[in-house]
Structure formats: structure tokens, C-alpha cells
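# Structural features, examined
Spelled out from the first residue to the last, the chains are:
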Amino acid sequence: MHHFFRQSDQIPTGLVLFSQPSASSGQLMAGALILQRLPFNAGSTFEEKEQDEDDWITNLSLLGTLTKRELLDATLSSEKLLHRLFHERQLHLLEPKPLQAKCSCSRDRIEKVINNFPLEDRLEMAVDGEIKVICEFCNADYRFVI
Ligand SMILES: [Zn+2]
């Protein structure tokens, strides 16, 4: 995941992820906290950028204090957990949004990208008469006959 954020998102990101089997059900439970650095405001002074860098390092240090026990504690709300970690910072909580496993790739979108290449290039991409594309995000496997 660190590799993904560095290579694909290119947003400085801190990530803590823990998982363990539940003591009661044995089912795997997992939790994650992702911290992303917002871009500078346009017109930030050198001093503001220096302060922002210091703040980012401090926030990563605070994130690093998160324990597996805290993150996987079902009785500890996200809001309480964030206050526990970052109470010394100016914390502005936004309305939570439900997570959804979803990728924006589609057969149509990939086909349009492939069709933008000249026929000669498409023929070079093809193996045994078909172009195979695997989405690096969701691992969907698309095949196109040439
Ligand atoms: Zn995908």
C-alpha cells in the first residue's frame, strides 16, 4: 500500500494497518488509519512551508504511536481514536463517508485507451491475437481480440 501511494497517488501518506483473529468468533478483523498530507495553499511563505513540514513529521510520529489494541478496539469510535492520537493538533472532523470497494476501470474505458494506439502498436501489444490488460488497482483481467 505504501508503494501504491508513493507511485500512483503521489501524495505523502502515512499508513497503519493491523489485523488479527477475533477472540470471540475467530473471524479476521482489521483496521487501518491513513494520514495524507494536503497540498500547500497557493502563496504559502517559506516559513509556512517549513511549519507544514514540521507538522507533517509530528503527525506521522503521532500516527506511529497507534497500537494494534487501539486500532482493533471495537468499543473505541473513530472520533475518540482520532482525538486520542491528535488532541494536541487542530483537529477538524468531517462527516464520515461509508467505504465502498470499487474501481473506476471498465472494459469500455480500457478499450478506448487501446484504440488510441495506432494499429501497428496494437499488433505489437497482442499475444496470440489478443491484447491482455490487467488493472493494477483491482486486478480485473480484460482481453481484447485484435
Ligand atoms: Zn480496476
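Rules and cut-offs
- Residues numbered from 1 in each chain as written.
- Predicted model: local features only at pLDDT ≥ 70, side-chain atom pairs only at ≥ 80, totals over all residues.
- Helix = DSSP H or I, 4+ residues; strand = E, 2+ residues; numbered from the N terminus.
- Rg over C-alpha atoms; globule rule 2.2 N^0.38 Å.
- Contact = placed C-beta atoms within 7 Å.
- Buried ≥ 20, exposed ≤ 12 C-beta atoms within 10 Å, placed from the backbone.
- Domains from an automatic or database assignment.
- Pairing = 2+ DSSP bridges.

## Details of the overall build of the protein
What the protein contains, in helices and strands, is six helices and four strands. Walking the protein from its N terminus toward its C terminus, one meets helices and strands in the order α-β-β-α-α-α-α-α-β-β. Scaling as 2.2 N^0.38, a compact globule of 146 residues should have a C-alpha radius of gyration of about 15 Å, whereas the protein reaches 22 Å, well beyond that. Principal-axis analysis of the C-alpha atoms gives the protein an extent of 60 × 55 × 25 Å. Partitioning the contacts of the protein with sequence separation of at least 6, the portion at a separation of at least 24 is 41%.

## Observations concerning the environment of glutamine 36
Relative to the helices and strands, glutamine 36 is located in strand 2 (residues 28-36). Judged by the 11 C-beta atoms lying within 10 Å of it, glutamine 36 falls in the exposed class. In this structure glutamine 36 touches Ile11 and Thr13, once residues within four positions along its chain are discounted.

## A word on the domain arrangement of the protein
By the assigned domains, the protein splits into domain 1 (2-86) and domain 2 (107-145). Summarising the inter-unit geometry, the C-alpha centres of domain 1 and domain 2 are found 36 Å apart.

## Here's the deal with unusual backbone geometry
Positive phi outside glycine occurs at aspartate 128, with the angle close to 50°. Positive phi, close to 70°, is recorded for asparagine 139, a residue that is not glycine. Relative to the elements of secondary structure, asparagine 139 occurs in the loop between strand 3 (130-134) and strand 4 (141-145).

## Observations regarding the pairing of strand 3
Within strand 3, only zero of the five residues are buried, which leaves it mostly out in the open. Strand direction decides the pairing type here: strand 3 and strand 4, joined by five bridges, are antiparallel. Its bridge partner lying in strand 4, glutamate 130 is registered against valine 145.

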